[in-house]
Amino acid sequence: MQLSKNVELRSAKNQVDVLIIDNDFSEAQISLYGGHVLSFAPKSDNRERLWVSECAVLDGTKAIRGGVPICWPWFGEHVSNGHPSVKRQAHGYVRTQQWQVVECVDSDIGTVVTLKPEAAVNPGFDSLGEGEAEGEAEGEGNVDLQLTVSIGNVLAVELTTKNVGATPFEFGGALHSYFNIEDISQTQLHGLSGDYLDKAPSFIDKSSVGASSGLQVTPETYIFEKETDNIHLSVERRLSIRAANFSIDVESQGHDSIVVWNPWIEKSAAMADMQDDGYQSMLCVEAAITQGVTLAPNEQHTLTQIIR
Ligand code: TA6
């Protein structure tokens, strides 16, 4: 693995391998398990932007609770022929895969790390469509998935899906970022408007997403006083998480929804990989594809989150 001057690999027994990035602008950490950004703190204020659970499982046996989980090629529960499937893990399979470093480059504006998952094609993702194209090796699939993490004054996470085969396919996903907000009771989210779906039973059931009965109107003052699991059918790009004494700005691109999640008291306590009061110091604001994106041969799509 070829690393650059500002990137080190931290390996420990029974622990996920982590890239430690330390450049003139910021410090960051990326777990190779899941291609998962765990930490980002710009040197301008040394404030950690991301939240990782004190009980997160970091031995590579379970998706990491916190940071920026990569959900792909589906968001939420797997749905097959319009029906929920109980057999597949939620949020896809790449967050529990080992990722490989493709490239690490330092420049005068920061460090760019490019990663690829072990295998982008797995059960549950029908990337080959109706019959394989001539010359396409069976099981190889026709998708190329790449994650680019740029660590400078800001953190940019870009997930690019490319159709390198001869048949179209559809995918979903999310950059499921957990932000470190210190005190949820002092936190507001700014920048969202329009309708949202509260705790949809099936995220890719487009008929339920479109049905007016399940939709609610985004409040002008977006605060957190209970469990929140909202899919905003909105493509607003710039959001601001305003905590008591600081703000985190989140810019999204390539999404069809913004998902806002806080598990609150009972669910926090019920999750083995979250401390009981974990809900108090985290807020997920996710750049998500809940409606599916279809890529024709040679087309590509990039889902981006830029965190300041
Ligand atoms: O994005 C919100 C959500 O889908 C919630 O419904 C909640 O369950 C959360 O993600 C965490 O999912 P996970 O599979 O990581 O436990």
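Everything below is about the structure shown above.
The structure presented is a predicted model; accordingly, all values stated were derived computationally and were not measured.

### Digging into unusual backbone geometry
Phase 1: Here the amide bond leading from Trp72 into Pro73 is cis, since omega sits at 0°, within 30 degrees of zero.
Phase 2: With respect to the helices and strands, the residue Pro73 is situated in the loop between β5 (70–71) and β6 (79–80).
Phase 3: With a phi angle near 55°, Asn46 is a residue other than glycine that sits in the positive phi range.
Phase 4: Relative to the helices and strands, Asn46 is located in the loop between β4 (36–42) and β5.

### A short note on the sheet that holds strand β18 (residues 238–242)
Adjacent strands of a sheet form backbone hydrogen bonds with each other and so pair up, either parallel or antiparallel.
Phase 1: Pairing is antiparallel across the open sheet formed by eight strands, whose spatial order is β8-β9-β10-β11-β22-β19-β18-β14. Edge positions in the sheet fall to β8 (99–107) and β14 (188–190), since each has one partner strand and no second. Within this sheet the neighbouring strands show an average axis-to-axis angle of 15°, counted without direction.
Phase 2: Bridging between β8 and strand β9 (residues 110–117) involves eight bridges; their strand directions are antiparallel. Looking across to β9, one finds that Val105 is bridged to Val112.

### Some remarks on the pattern of salt bridges
Between side chains of opposite charge, pairing is possible as soon as their charged atoms come close.
Phase 1: This model, assessed by the stated rule, comprises nine salt bridges.
Phase 2: The shortest N-O distance in the salt bridge between Lys116 and Asp144 comes to 2.7 Å. Remark: Asp144 occurs in strand β10 (residues 143–151) and Lys116 occurs in strand β9; sequence separation between them is 28 residues.
Phase 3: Judged by relative accessible area, which is 26%, Asp144 ranks as partly exposed.
Phase 4: The partner of Glu251 in a salt bridge is Arg238, with the nearest N and O atoms 3.6 Å apart. Of this pair, Glu251 sits in strand β19 (residues 247–253) while Arg238 sits in strand β18; the two residues are 13 residues apart in sequence, bridging distant segments of the chain.

What counts, and at which threshold
Residues numbered from 1 in each chain as written. Predicted model: local features only at pLDDT ≥ 70, side-chain atom pairs only at ≥ 80, totals over all residues. Heavy atoms only, no water. Helix = DSSP H or I, 4+ residues; strand = E, 2+ residues; numbered from the N terminus. Pairing = 2+ DSSP bridges. Axes fitted to C-alpha atoms, helices over the stretch in contact; angles between N-to-C directions. Salt bridge = Lys/Arg side-chain N within 4 Å of Asp/Glu carboxyl O. Buried < 20%, exposed > 50% of the residue type's maximum accessible area, 1.4 Å probe, protein only.

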